[in-house]
Amino acid sequence: MSVKIKLRRMGAKKKPFYRIVVADARTARDGKCIEEIGYYNPLKNPVEIKIDSEKVKKWKANGAQPTNKVRALINASLQSENK
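Quick caveat, the model's predicted, so the values are computed rather than measured.

Moving on, we come to the packing of aromatic side chains. Evaluated as defined, the whole model comprises 1 aromatic pair. Here the aromatic rings of Y18 and Y40 are separated by 5.9 Å at their centres, their planes lie at 25 degrees, and the arrangement is stacked. Separated by 22 residues along the polypeptide, Y18 in strand β2 (residues 15-24) and Y40 in strand β3 (residues 35-41) bring together distant segments of the chain. Accessibility classification places Y18 together with Y40 in one group, the buried group.

Encoded structure:
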């Protein structure tokens, strides 16, 4: 089973926010997930990103691959923690 760390869209029409989830690569964007590890709200100013870095490390060690957008969000979250 191939596992991905990806975004799940939530919120109302034209007002999205996203949960960062671990899910089977074959599931739909908003389908069943294994675990929620954070969230991303692009509508707030500044953008709100909260990711549990321990869970990300655990899932990466188990072979989960983040999507391109999630990889960028993880890097942004780590940079903001280091400041």
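So, next bit.
Cis geometry is adopted by the peptide bond preceding P46, which originates at N45 and carries an omega value of 0 degrees. The topology assignment puts P46 in the loop between β3 and β4 (48-51). The phi dihedral of K14 falls on the positive side, at around 65 degrees, and the residue is not glycine. Tracing the backbone through its elements, the reader meets K14 in the loop between β1 (3-12) and β2.

Bridge count between β1 and β2: 10 bridges; the pairing is antiparallel. By the bridge assignment, K4 is partnered in β2 with A23. What sits between β1 and β2 in their antiparallel hairpin is a turn of 2 residues, with K14 showing a positive phi close to 65 degrees.

So, on to the sheet that holds β3. Taken in spatial order, the 5 strands make up an open sheet running β4-β3-β2-β1-β5, and their pairing is mixed. Two strands lie at the open edges of the sheet, namely β4 and β5 (65-66), each paired on one side alone. Along the sheet face, helix α1 (residues 53-61) touches β1, β2, β3, β4 and β5 and points at about 125 degrees away from the line of β3. Along the sheet face, helix α2 (residues 68-82) touches β1, β2, β3, β4 and β5 and points at about 90 degrees away from the line of β4.

Here the focus is α2. Relative to the 21 Å expected for 15 residues at 1.5 Å per residue, α2 spans 22 Å between its end C-alpha atoms, a close match to the ideal helical length. Those residues of α2 that fall on the buried side of the exposure criterion are V70, L73, I74 and S77. Buried residues in α2, looked at end-on, bunch into an arc of 100 degrees, giving them a common side. Opposite the buried face of α2, by more than 90 degrees, sit the exposed residues N68, Q79 and N82. Elements that come into contact with the buried residues of α2 comprise β1, β2, β3, β4, α1 and β5.

Cut-off values and rules
Residues numbered from 1 in each chain as written. Predicted model: local features only at pLDDT ≥ 70, side-chain atom pairs only at ≥ 80, totals over all residues. Heavy atoms only, no water. Phe/Tyr/Trp six-rings, centres within 6.5 Å; stacked < 30°, edge-to-face > 60°. Helix = DSSP H or I, 4+ residues; strand = E, 2+ residues; numbered from the N terminus. Buried < 20%, exposed > 50% of the residue type's maximum accessible area, 1.4 Å probe, protein only. Pairing = 2+ DSSP bridges. Contact = heavy atoms within 4.5 Å. Axes fitted to C-alpha atoms, helices over the stretch in contact; angles between N-to-C directions. Expected span 1.5 Å × (residues − 1). Arc of directions from axis to C-beta.

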